[in-house]
Amino acid sequence: MFGAGGGTSSYQEIEETDLILLWGSNARAAHPIFFHHLLKGVHRGAHMYVVDPRRSESAQWADVWLGIDVGSDIALANTVAAEIIRADLTNKDFIARATSGFEEFATQMEPWTLDRGAAITGVPADAIRQLAHAYATAPSAQLCWTLGITEHHNGTENVLSLINLSLLTGHIGRWGSGLVPIRGQNNVQGGGDMGALPNKLPGFKDVADPEHRARFERVYGTKISAEPGRHISLMLEAMEEGSLRTLYVVGENPVQSEADAARTTALLKGLDHLVVQDLFLTATAELADVVLPAAGWGEVEGTYTSSERRVQHADRVIDPPGEARDDIAIMTGLARRLGHSWPDQSIEETWDELRSLSALHTGMSYERLQTLGGLQWPCPTVDHPGTPFLHGRLWSDDVGTPAPFMPVEWVPPVDQLTDEYPIRLTTGRRMDSYNTGVQSGRYSSPQRIRGGIDLAPEDAQQIGVSETDTIRITSRRGSIDAPVRLDRGLRPGLAFMSIHFPDDVDVNQLTIDAWDPRAGTAEFKATAIRIERI
């Protein structure tokens, strides 16, 4: 929407902002380093509003917790927008100079009264009004989100609804005010920057643009297709249709990380050839025809990019174990076996090739990264200091292309609640564990909460179960058994399961593979279930 695939702000800004809006993120557990920066802002006096179905560890630090019904984020964002407009709290100067489409957007927001928003979201009208007025009138504000917004069948629209709020209020493009998508894994930002997206080249250049393709073709010495590739959800569909018969999986464990795990496993088993390149023999690697052992952090040299767009250099400090090799070395060797004369390059030479193609990184020499401890893109020249926040142009005399309002309509989750499936299950992370547990499950932790299902005490009492009892959980896709844990942060009708222990409790046997058509992300956050005593 703004022309750059990264968060707009620096971590320091959340320490100095006036208001923090944490939406769909339990950053205390899922992003603890970022949350330490956030807490500095709270301790300095920032007001914090948390929008989350659960009263999570993060929500406990909030001035106001808005306990939203799962999947009603657009309804809440539209109601907040409508209240800001009705209360005449918009930033009129900013809207006039830096945006487009406001009149149409305002018209489409008119039906979103406080009462309608409250009825759909479960958030009291007074709380919605308070959030709208506080966000609109704050001198500066940071709007942060993560997978609680994006892991829905309409995740992209969820994000657009939040961006609309920043445009209404001018909370974008200046110090202390911005949009912060907190990245869920180390170097997710760096992967996108390097072109690990089906429709982008490094530096977020569109693969469909012939001018951009030509530049990369000259350096790479090969033709690049103008057609976008497939994201993982489309790959699974192609396997189902029979048009994708071979798969090369690098650093991913889809057998345990993808929704509707039974379907995913069956599709991978049906391939003609499966290659897995990973640090450990994952559940996916166990299905592979060929396993390529890769080196991990500390065993390779390279760069990593954080949620604030900061690129940092990391040295190799130990040798990889056994036959494990650097990913680049593995791929270079494979390319040669396939008849391509890829040259031997140092890591720095590979990085310099990237710098020659991505204007975001041109000024980031290895020497500067090592000396300065990192730089934030865009950094277009070798004397550029890096960019702490993005889109300052929106406040300049030369705005360029205005930022468009993008009105979106709310639709409920695909997996609807019924008398047969009356409880909403949402998933997420715990403090001490990581994704499917491939790495974090290999050590013990005094903070570890093993796999199970968290229930509201009222639901447990109604069903007739107590903490540690094992129950059967059934969705429209399958059933699993799990022990009960009571959580007073859950409202009746809402259950929570972590994703970290698929060997014990495989929650993705339950989740639905409905996915966002733009991003390809499945709706992990909204599964309809029933619970039975066994």
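Worth saying up front: this structure is predicted, and the values here are computed from it rather than measured.

Engineer: Whenever I open this one, unusual backbone geometry confuses me. Can you help?
Structural biologist: The bulk of non-glycine residues show a negative phi, and the bulk of peptide bonds are trans. The linkage connecting Trp377 with the following residue, Pro378, adopts the cis geometry, with an omega of 0 degrees. Mapped onto the fold, Pro378 is located in the loop between β14 (375-376) and β15 (403-404). Phi is positive for Asn187, which is not a glycine, with a value near 70 degrees. Mapped onto the elements, Asn187 comes out in the loop between β6 (178-181) and α11 (188-193). A positive phi is found at Asp260, a non-glycine position, where the angle reads about 50 degrees. Topologically, Asp260 is positioned in the loop between α14 (254-257) and α15 (261-269). Using a relative accessible area of 12% as the deciding quantity, one classes Asp260 as buried.

Engineer: Quick question: what am I supposed to make of the sheet that holds strand β11 (residues 290-293) here?
Structural biologist: Pairing between the strands of a sheet comes from backbone hydrogen bonds, and it takes one of two forms, parallel or antiparallel. The strand order across the open sheet built from three strands is β9-β10-β11, with neighbouring strands paired in parallel fashion. Lying at the two open borders of the sheet, with one neighbouring strand each, are β9 (246-250) and β11. Each adjacent strand pair in this sheet contributes to an overall mean axis angle of 10 degrees, direction not counted. Contacts from helix α16 (residues 327-337) reach β9, β10 (273-278) and β11, with the element oriented near 155 degrees to β9.

Engineer: For this particular structure, what's the right way to read the packing of helix α4 (residues 73-86) against helix α7 (residues 114-121)?
Structural biologist: Two measures define how a pair of helices packs: the angle their axes make with one another and the distance between the axes. Between α4 and α7, whose axes approach to 9 Å, the crossing angle comes to 165 degrees. Between α4 and α7, the angle is such that the two are roughly antiparallel. The two elements α4 and α7 meet at a crossing, and its hand is left-handed. Across the interface between the two elements, Ala75, Leu76, Thr79, Glu83 and Arg86 of α4 pack against Leu114, Gly117, Ile120 and Thr121 of α7. For the contact of α4 with α7, a count of residues per class yields four nonpolar, three polar and two charged.

Engineer: Could you clarify how one ought to interpret the sheet that holds strand β12 (residues 302-305) in this entry?
Structural biologist: The strand order across the open sheet formed by three strands is β12-β13-β14, and the pairing between neighbours is antiparallel. Whereas interior strands pair on both sides, the edge strands pair on one side only; in this sheet they are β12 and β14. Here two bridges tie strand β13 (residues 310-314) to β14, and the two strands are oriented antiparallel to one another. Note on β14: the bridge partner recorded for Arg310 is Gln376.

Engineer: Explain a nonpolar patch on the surface here, please?
Structural biologist: Together, Tyr248, Val250, Met331, Leu334, Leu338 and Trp342 make up an exposed nonpolar region whose accessible area comes to about 530 Å². When contributions to the nonpolar patch are tallied by element, the ones reaching two or more residues are β9 and α16. Under the relative-accessibility criterion, Tyr248 is labelled partly exposed at 33%.

Engineer: Just checking my understanding: could you explain the environment of Thr169 for this structure?
Structural biologist: Along the chain, the position of Thr169 falls in helix α10 (residues 155-169). For Thr169, a relative accessible area of 3% puts it in the buried group. Measuring from C-alpha to C-alpha, the distance between Thr169 and Ala528 comes to 36 Å, with 359 residues separating the pair along the chain. If we ignore the near neighbours within four places in the chain, the residues touching Thr169 are Ile84, Asn91, Tyr135 and Ala136. At 2.9 Å, the side chain of Thr169 and the backbone oxygen of Leu165 are in polar contact.

Engineer: Honestly, α16 in this entry has me stumped. Any pointers?
Structural biologist: One turn of an α-helix holds 3.6 residues; hence residues three or four places apart share an orientation. Burial in α16 covers these residues: Ile330, Thr332 and Ala335. The opening residue of α16, the one whose side-chain oxygen lies 2.8 Å from the backbone nitrogen of Ile328, is Asp326. Immediately downstream of α16, the backbone of Gly339 shows phi near 95 degrees, a positive value.

Engineer: Help me out: how do you make sense of the pairing of strand β16 (residues 423-428) in this one?
Structural biologist: Here β16 lies mainly inside the structure; six of its six residues are buried. On β16, burial covers both faces: Ile423, Leu425 and Thr427 on one face and Arg424, Thr426 and Gly428 on the other are all buried. In terms of strand pairing, β16 meets strand β21 (residues 527-533) through three bridges, oriented antiparallel. Note on β21: the bridge partner recorded for Ile423 is Ile529.

Engineer: How should the packing of aromatic side chains be read in this particular structure?
Structural biologist: Here the distance between the centres and the angle between the planes together describe a pair of aromatic rings. Scanning all chains against the criterion turns up eight aromatic pairs. On the numbers, 6.4 Å between centres and 70 degrees between planes, the contact of Trp175 with Phe389 is edge-to-face. Remark: Phe389 occurs in the loop between β14 and β15 and Trp175 occurs in the loop between α10 and β6; sequence separation between them is 214 residues. A relative accessible area of 35% means that Trp175 is categorised as partly exposed. With centroids separated by 5.7 Å and ring planes inclined at 65 degrees, the aromatic side chains of Phe216 and Tyr220 adopt a geometry described as edge-to-face. In this pair, Phe216 and Tyr220 both sit in helix α12 (residues 210-220), four residues apart, roughly one turn of the helix. Of the residues examined, Tyr220 reaches a relative accessible area of 36% and is grouped as partly exposed. One aromatic cluster in this structure is built from Phe102, Phe105 and Phe405. Of note, Arg54 hangs over the ring of Phe496, and the distance from its end group to the ring centre comes to 3.7 Å.

Engineer: Where do I start with the packing of α7 against helix α8 (residues 125-137) in this structure?
Structural biologist: Between α7 and α8, the least distance of the axes is 8 Å, while the angle of their chain directions is 115 degrees. The angle between α7 and α8 falls in the class roughly perpendicular. Here α7 and α8 pass one another in a crossing that is right-handed. Contact residues: α7 offers Leu114, Asp115, Gly117, Ala118 and Thr121, while α8 offers Ala125, Ile128 and Arg129. Of the residues that constitute the contact of α7 with α8, the class distribution is four nonpolar, two polar and two charged.

Definitions and cut-offs
Residues numbered from 1 in each chain as written. Predicted model: local features only at pLDDT ≥ 70, side-chain atom pairs only at ≥ 80, totals over all residues. Heavy atoms only, no water. Helix = DSSP H or I, 4+ residues; strand = E, 2+ residues; numbered from the N terminus. Buried < 20%, exposed > 50% of the residue type's maximum accessible area, 1.4 Å probe, protein only. Pairing = 2+ DSSP bridges. Axes fitted to C-alpha atoms, helices over the stretch in contact; angles between N-to-C directions. Contact = heavy atoms within 4.5 Å. Parallel < 35°, antiparallel > 145°, perpendicular 65-115°, else oblique. Left-handed = near helix turned anticlockwise from the far one by under 90°. Nonpolar A, V, L, I, M, F, W, Y, C, P; charged D, E, K, R; others polar. Patch = residues over 30% accessible without salt bridge, like charges linked within 9 Å, V, L, I, M, F, W, Y side chains within 5 Å. Areas by Shrake-Rupley, 256 points an atom, 1.4 Å probe, with all protein chains shown as cover. Salt bridge = Lys/Arg side-chain N within 4 Å of Asp/Glu carboxyl O. Polar contact = N/O pair within 3.5 Å; in protein donor to acceptor, adjacent residues only side chain to side chain. Phe/Tyr/Trp six-rings, centres within 6.5 Å; stacked < 30°, edge-to-face > 60°. Lys NZ or Arg CZ within 6 Å of the ring centre and 35° of its normal.

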